Amino acid sequence: DEMLAADREPAPPSGKSPEDTLLTREMLGYVSRAVEELPARLRQPFVLRFLQETAYREIAEQLAITTENTRKRVQQARAILRARLDSYLGGQGSEVRGQKSEVRDQR
C-alpha cells in the first residue's frame, strides 16, 4: 500500500481536477497569443490598462495620445479579443460573460 500511495500524483493545490487545470492553461495560452497578435497601437494600451492596471490618463500621457483615444483603443482591443474568444469557445463566450455579469451584480 505504501508503494501505491507514493506512485499517485498529488491533487492540484487549487482543488481543481487535472482536466480543469489543463483547460485553464490552454485558455490562458490562447488569450496570451490573442493579445500578442493585436496591432501594437491597440495592444500597448490594452496591456497597460488590464495587465498593469494603469489609469487611462497615465496611459494617454505615456503614449502621447488623448484619454479619449486611449479609451477607444482599449475598447477596440477588447472587441477584437471578445470576437476571437467567442470563436475559440464556440459561441460560449457570451454565456461566460453573462455568468461574470451575474457574479458582479451579486456583489
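Residues numbered from 1 in each chain as written. Predicted model: local features only at pLDDT ≥ 70, side-chain atom pairs only at ≥ 80, totals over all residues. Heavy atoms only, no water.

Novice: Explanation requested: the overall build of the protein in the structure shown.
Specialist: Tallying secondary structure elements over the protein gives six helices and zero strands in all. When the helices and strands of the protein are placed in sequence order, the string is α-α-α-α-α-α. Counting all 107 residues of the protein, 19% fall into the buried class. The long-range fraction of contacts in the protein, counting pairs at least 24 apart against all pairs at least 6 apart in sequence, stands at 52%. By element, 50% of the accessible surface of the protein is carried by carbon and sulfur atoms, the whole surface being about 8400 Å². (Helix = DSSP H or I, 4+ residues; strand = E, 2+ residues; numbered from the N terminus. Buried < 20%, exposed > 50% of the residue type's maximum accessible area, 1.4 Å probe, protein only. Contact = heavy atoms within 4.5 Å. Areas by Shrake-Rupley, 256 points an atom, 1.4 Å probe, with all protein chains shown as cover.)

Novice: I'm lost on the confidence of the model for the protein in this one. Help?
Specialist: As a note on interpretation, predicted positions should not be read in detail where pLDDT is low. Considering every residue of the protein, the mean pLDDT works out to 80; 71% of them sit at 70 or more. Averaged pLDDT values over the elements of the protein bottom out at 45 in helix H1 (residues 2-7) and peak at 97 in helix H4 (residues 56-63). Note on residues 1-12: pLDDT is under 50 here. Beyond four places in sequence and across chains, it has three contacts. (pLDDT = per-residue confidence, 0-100.)

Novice: Looking at this model, I keep getting lost on the pattern of salt bridges. Mind explaining?
Specialist: If the charged atoms of two oppositely charged side chains come close together, the side chains can form a pair. Counted under the stated rule, the structure contains two salt bridges. Here Arg84 and Glu37 are joined by a salt bridge, their closest N and O atoms 3.8 Å apart. Of this pair, Arg84 sits in helix H5 (residues 67-88) while Glu37 sits in the loop between helix H2 (18-36) and helix H3 (40-51), and the two are 47 residues apart along the sequence. By relative accessible area, which is 28% here, Arg84 ends up partly exposed. Accessibility expressed as a relative area gives 53% for Glu37, which makes it exposed. (Salt bridge = Lys/Arg side-chain N within 4 Å of Asp/Glu carboxyl O.)

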